[in-house]
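# Observations on chain architecture
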Amino acid sequence: MADANAIIDMLKSRFNPEAAKGMDEVFQFNITDSDDYYMVVKDGTLDVGEGEHDDPSVTLSTDSDTLKGVMKGEVDGMQAFMTGRLKATGNIMLATKLTSLFPNK
């Protein structure tokens, strides 16, 4: 089991403020085998909170290993979604922006 804190720290270090210009969205991560987190992306800035946000734009539910694999580019996000390893509710098109917001350096 991957450590969700390490995954969130990895995402924070890879955040691309240029890709977030003009955005005002909340990404909720419900991690089945760890703590839940949310990321507030607002006009080039990133704030991370633990727990559940009151009004997320999109909610992604998965286990920590799948999240880590998707964010590292080792697991195809669309394939994880289609096979049920990753579930998304809300504005699911926002999930496709994660790779530009958190590019694999």
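Overview of the structure. (Residues numbered from 1 in each chain as written. Predicted model: local features only at pLDDT ≥ 70, side-chain atom pairs only at ≥ 80, totals over all residues. Heavy atoms only, no water.)

### Observations regarding the pairing of strand S3 (residues 45–50)
- Across 6 bridges, strand S2 (residues 37–42) lies against S3 in antiparallel orientation. Counterpart to Tyr37 in the pairing with S3 is Glu50.
- Count of turn residues in the S2/S3 antiparallel hairpin: 2 residues, of which Asp43 carries a positive phi of about 45°. (Pairing = 2+ DSSP bridges. Helix = DSSP H or I, 4+ residues; strand = E, 2+ residues; numbered from the N terminus.)

### Observations concerning unusual backbone geometry
- The phi dihedral of Asp43 is positive, around 45°, even though this residue is not glycine.
- Mapped onto the elements of the fold, Asp43 is located in the loop between S2 and S3.
- Judged by its relative accessible area of 52%, Asp43 is exposed. (Buried < 20%, exposed > 50% of the residue type's maximum accessible area, 1.4 Å probe, protein only.)

### What to know about the pairing of strand S4 (residues 58–62)
- Within S4, 4 of the 5 residues are buried, which leaves it mostly tucked inside the rest of the structure.
- As defined by bridge partners, strand S1 (residues 24–31) adjoins S4 across 5 bridges and the pair is classed as parallel. Opposite Gln28, over in S4, you have Thr59 as the bridge partner.
- When S4 meets strand S5 (residues 86–90), the two strands line up antiparallel, connected through 5 bridges. Across the sheet, Thr62 pairs through a bridge with Leu86, a residue of S5.

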